[in-house]
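# Architecture and fold: a report
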Amino acid sequence: MMPPSDTSAAGLKKPTAGALLQRVRRWVGGTAAGLQPDADLANDAAGQRPPAASAPLHLFLDDGLLHLAAGRIVWSTEDAAPVSMRLHELRLVCVHGHAGITTPALKALIQAEVPVLWRDAGGRFLGQMVDGSLRGTETRRAQYRAQADAACRLAVARTLVQAKIVSQRGLLRRRGADDATLRQLAGFIPRAAAAETIDAVMGWEGAAAAAYFGTWDKLGPESHGFAFPGRRRRPPPDPVNAMLSYAYAVLAGEAVSAALAAGLDPHAGLLHAERAGRPALALDLVEPLRPLVADRAVLRIVNRREVTPDDFEADGNGGVRLSTAARRALLHAIEARLAEAAPMRPGHDYRSALFAEAVDLAQALRHATAYACRLVRA
């Protein structure tokens, strides 16, 4: 199990914040300080108020069980003493693989408005339990109208892809990438902005991704024994691709929660096409966040030697998957990054910035105004 990293406000004097920090130190050997989310944004969007001093809880072990005891959420495994948390300490519960959770615990989490997500062992988002009382009828009607409006979809697609390319270029620039690649990425931004179809927008996104990942061998993976021939998926053939896919899947789950809290339908995409079981709108929201959070987390654990090529194994389908140790390291890095201050949104960490971004999109759709993505860092 990976317990939550602390996401409480700086200077918040509540005993739960200190308890969370102690748990993080004991279980994962470090802390990640962050900022408290803006509850007013939630109320403006859908009436759901995120709890203060709360944090996500990741459940890994297949023999573990999350249950309810004396009004507290308790995690038990065969080989360790049970650990309990108060409901208001939890922002999110994520069940990985075959970890168990009881019906009383689920009911208590519903009543406390704590989302529960399920992911497979590879990190792929499977589904989510949410409170059925979430309000969002007006927002969803506007979202479905926008989805049927080709011009509106194209405008949102352009905005998201431009934001992603700007942030990709920013990451490379801060890490000393060559000027030729930076100029190439800069040239893709106006082309994505002028694209006349969503397919054309995605074409420029793909071209930018090829140029961006084409520089990654110089950013650390190769020097630490990780061969990376470029971005490959389904299945990921090497450890770096496996980590990227896993990190993107984790962020997709975060975006599902953000979309639902903002009153949006996470499956009704504007950039990504709908597909059975695919949270297309959540994938839309994740696009600009990939270089800001997921890519940074992967580079961090590779360059800090927190993972080695020995921490990965063949999945039996021609791909590579993360060991439990690698998943722990990567999730810790993702949580640490999500808890960092987001410079494009003063007063927010990256997790609450994603939530605020979903609110902005919901408001733009409801009022039929232009959507301007703020999840971008040049």
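Keep in mind it's a predicted model, so treat the numbers as computed, not measured. (Residues numbered from 1 in each chain as written. Predicted model: local features only at pLDDT ≥ 70, side-chain atom pairs only at ≥ 80, totals over all residues. Heavy atoms only, no water.)

Moving on, we come to the overall build of the protein chain. Helix and strand counts for the protein chain stand at 12 helices and 10 strands. Within the protein chain, the proportion of its 378 residues that are buried is 56%. Within the protein chain, counting contacts between residues at least 6 apart in sequence, those at least 24 apart form 66% of the total. Element-wise, carbon and sulfur atoms account for 51% of the exposed surface of the protein chain, whose accessible area totals about 15500 Å². (Helix = DSSP H or I, 4+ residues; strand = E, 2+ residues; numbered from the N terminus. Buried < 20%, exposed > 50% of the residue type's maximum accessible area, 1.4 Å probe, protein only. Contact = heavy atoms within 4.5 Å. Areas by Shrake-Rupley, 256 points an atom, 1.4 Å probe, with all protein chains shown as cover.)

A cluster of acidic residues, Asp62, Asp63, Glu78 and Asp79, forms a negative patch on the protein surface. Relative to the helices and strands, Asp63 is located in the loop between strand 1 (55–59) and strand 2 (65–69). (Patch = residues over 30% accessible without salt bridge, like charges linked within 9 Å, V, L, I, M, F, W, Y side chains within 5 Å. Salt bridge = Lys/Arg side-chain N within 4 Å of Asp/Glu carboxyl O. Lys, Arg positive; Asp, Glu negative; His and termini not counted. Charge placed at Lys NZ, Arg CZ, Asp CG, Glu CD.)

Taken as a whole and assessed by the stated rule, the structure comprises 7 aromatic pairs. With a centroid separation of 4.8 Å and an interplanar angle of 65 degrees, the aromatic rings of Tyr212 and Phe213 are classed as edge-to-face. A centroid spacing of 6.0 Å and a plane angle of 70 degrees characterise the contact between Tyr212 and Trp216, whose relative ring orientation is edge-to-face. Residue Tyr212 is classed as buried on the basis of its relative accessible area of 0%. Three or more aromatic residues link up through ring pairs in this structure, and these residues are Tyr212, Phe213, Trp216 and Phe228. Positioned over the ring face of Tyr248 is Arg290, at 4.3 Å from the centre of the ring. (Phe/Tyr/Trp six-rings, centres within 6.5 Å; stacked < 30°, edge-to-face > 60°. Lys NZ or Arg CZ within 6 Å of the ring centre and 35° of its normal.)

The next point concerns the pattern of salt bridges. Taken as a whole and assessed by the stated rule, the structure comprises 10 salt bridges. Among the salt bridges present, the one from Glu287 reaches Lys164, with a minimum N-O distance of 2.7 Å. Pair noted here: Glu287 is in the loop between helix 9 (280–286) and helix 10 (290–303) and Lys164 is in helix 5 (residues 150–174), with a separation of 123 residues, a long-range link. Note on accessibility: Glu287 and Lys164 belong to one class, buried. When the shortest N-O distance is used, the salt bridge between Arg351 and Glu335 registers 2.8 Å. Separated by 16 residues along the polypeptide, Arg351 in helix 12 (residues 350–367) and Glu335 in helix 11 (residues 324–338) bring together distant segments of the chain. Residue Arg351 is classed as buried on the basis of its relative accessible area of 6%. Since its relative accessible area comes to 2%, Glu335 is described here as buried.

With their axes 9 Å apart at the nearest point, helix 5 and helix 6 (residues 179–194) run at an angle of 170 degrees to one another. With respect to their mutual orientation, helix 5 and helix 6 come out roughly antiparallel. On helix 6, the residues that touch Arg158, Val161, Gln162, Ile165, Val166, Gln168, Arg169, Leu172 and Arg173 of helix 5 are Thr181, Leu182, Leu185, Ala186, Phe188, Ile189, Ala192, Ala193 and Ala194. A breakdown of the residues in the contact of helix 5 with helix 6 according to their chemical character gives 12 nonpolar, 3 polar and 3 charged. (Axes fitted to C-alpha atoms, helices over the stretch in contact; angles between N-to-C directions. Parallel < 35°, antiparallel > 145°, perpendicular 65-115°, else oblique. Nonpolar A, V, L, I, M, F, W, Y, C, P; charged D, E, K, R; others polar.)

Generally speaking, nonpolar side chains in soluble globular proteins are found buried as a group. The biggest cluster of nonpolar side chains holds 89 residues, and the ones touching the most others in it are Trp216, Met243, Leu264, Val307 and Leu330. The leading source of residues in this core is helix 8 (residues 239–261), at 15 residues. Ignoring any residue separated from it by four or fewer positions in sequence, one finds Val307 in contact with Phe226, Met243, Ile301, Val302, Phe312, Ala326 and Ala329. In this structure, Leu59, Leu106, Leu109 and Val114 belong to the second largest nonpolar core, which totals 17 residues. (Core = buried A, V, L, I, M, F, W, Y, C linked by side-chain atoms within 4.5 Å.)

Time to look at helix 10. With 14 residues, helix 10 should cover 20 Å at 1.5 Å per step; its first-to-last C-alpha distance of 18 Å lies within 8% of that length. Counting buried residues along helix 10, 11 of its 14 residues qualify, which places the element largely inside the surrounding structure. Those residues of helix 10 not exposed but buried are Arg290, Pro291, Leu292, Val293, Ala294, Asp295, Ala297, Val298, Leu299, Ile301 and Val302. Immediately beyond the C-terminal end of helix 10, within one or two residues, lies Arg305, with a positive phi of roughly 55 degrees. (Expected span 1.5 Å × (residues − 1).)

Moving on: the environment of Leu271. Tracing the backbone shows Leu271 in the loop between helix 8 and helix 9. Exposure remark for Leu271: the relative accessible area of 4% places this residue in the buried category. Taking the C-alpha atoms as reference points, Leu271 and Asp199, separated by 72 residues in sequence, lie 9.3 Å from one another. Dropping the residues within four chain positions of it, Leu271 is found in contact with Arg153, Ala157, Leu160, Val161, Ile198, Met202, Asp284 and Glu287.

Across the interface, helix 5 lies against helix 7 (residues 198–213) with an axial gap of 9 Å and an inter-helix angle of 10 degrees. As the angle between them shows, helix 5 and helix 7 are arranged roughly parallel. Here Arg153, Leu154, Ala157, Arg158, Val161, Lys164, Ile165, Gln168, Leu171 and Leu172 of helix 5 come into contact with helix 7, specifically with Ile198, Val201, Trp204, Glu205, Ala208, Ala209 and Tyr212. Residue classes in the contact of helix 5 with helix 7 are distributed as 12 nonpolar, 1 polar and 4 charged.

Strand order across the open sheet formed by 4 strands is 4-3-2-6, with mixed pairing between neighbours. Of all the strands in the sheet, the pair left with one neighbour each is strand 4 (83–85) and strand 6 (100–101). Bridge count between strand 2 and strand 6: 2 bridges; the pairing is parallel. By the bridge assignment, Leu66 is partnered in strand 6 with Ile101. Most of the contacts of helix 3 (residues 103–111) go to strand 2, to which it runs at about 70 degrees, and overall it touches strand 2, strand 3 (72–76) and strand 6. (Pairing = 2+ DSSP bridges.)

Moving on to the confidence of the model for the protein chain. Averaged over all residues, the pLDDT of the protein chain equals 79, while 82% of them reach at least 70. Across residues 1–53, confidence stays below pLDDT 50; counting only partners more than four residues off in sequence or on other chains, it has 132 contacts. (pLDDT = per-residue confidence, 0-100.)

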